[in-house]
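Remarks on the overall topology
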Amino acid sequence: MNELPACPQCNSAFTYEDGALLICPECAHEWPADPAFDPDVKVWRDANGTVLADGDTVTVIKDLKVKGSSFVVKVGTRVKNIRLVDGDHDIDCKIDGVGQMGLKTEFVKKA
Ligand SMILES: [Zn+2]
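Residues numbered from 1 in each chain as written. Predicted model: local features only at pLDDT ≥ 70, side-chain atom pairs only at ≥ 80, totals over all residues. Heavy atoms only, no water.

**Observations regarding a nonpolar patch on the surface**
A surface patch of nonpolar side chains, amounting to about 230 Å² of accessible area, comprises V41, V43 and V51. Its location among the elements puts V43 in the loop between β3 (30–32) and β4 (58–60). (Patch = residues over 30% accessible without salt bridge, like charges linked within 9 Å, V, L, I, M, F, W, Y side chains within 5 Å. Areas by Shrake-Rupley, 256 points an atom, 1.4 Å probe, with all protein chains shown as cover. Salt bridge = Lys/Arg side-chain N within 4 Å of Asp/Glu carboxyl O. Helix = DSSP H or I, 4+ residues; strand = E, 2+ residues; numbered from the N terminus.)

If you want it as structure tokens, here you go:
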């Protein structure tokens, strides 16, 4: 009945599935059910679901107020050479006339 692979650590056949993970009840080893899935690798996606990479150019899709100023980053602003970071604002970038700021991936699309 059990078509799940045996535990790679202790070879137990009692592996069970929990969401995206396979779990061994005997040694408590957990590993991704999909071999291509690596939970340690974070993937950044823009508003359309396109994967972003460091150095990409993106376009802002929503007027964004710059915290602590009256400046607004307008829809359509192109942002070059982004840097992806972990955090609430997950894009580090420099915008002409504004300077260094953080953007959210959900408010940009890849240019
Ligand atoms: Zn095991």
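**Overview of the coordination of the zinc ion**
Looking at the metal site, the zinc ion is ligated by C7 (SG), C10 (SG), C24 (SG) and C27 (SG), spaced 2.2 to 2.3 Å from it. Around the zinc ion, the four donor atoms are arranged such that angles at the metal cover 106 to 114°; this shape is classified as tetrahedral. Sequence spacing of the donors to the zinc ion: C-x2-C-x13-C-x2-C. A residue is classified by how much of its surface remains accessible, and C7, at 1% relative accessible area, is buried. Overall, C10 belongs to the partly exposed group, its relative accessible area being 36%. (Donors = N, O, S within 2.8 Å, 3.2 Å for Na, K, Ca; no water. Tetrahedral: all angles 85-135°; square planar, octahedral: opposite > 155°, others 65-115°. Buried < 20%, exposed > 50% of the residue type's maximum accessible area, 1.4 Å probe, protein only.)

**Here we look at the sheet that holds strand β11 (residues 108–110)**
Spatially, three strands are ordered β7-β4-β11 in an open sheet, and the strand pairing comes out antiparallel. At either end of the open sheet lies a strand with only one pairing partner, and these are β7 (78–79) and β11. Relative to β7, β4 is paired through two bridges, and the arrangement is antiparallel. Looking across to β7, one finds that T59 is bridged to R78. (Pairing = 2+ DSSP bridges.)

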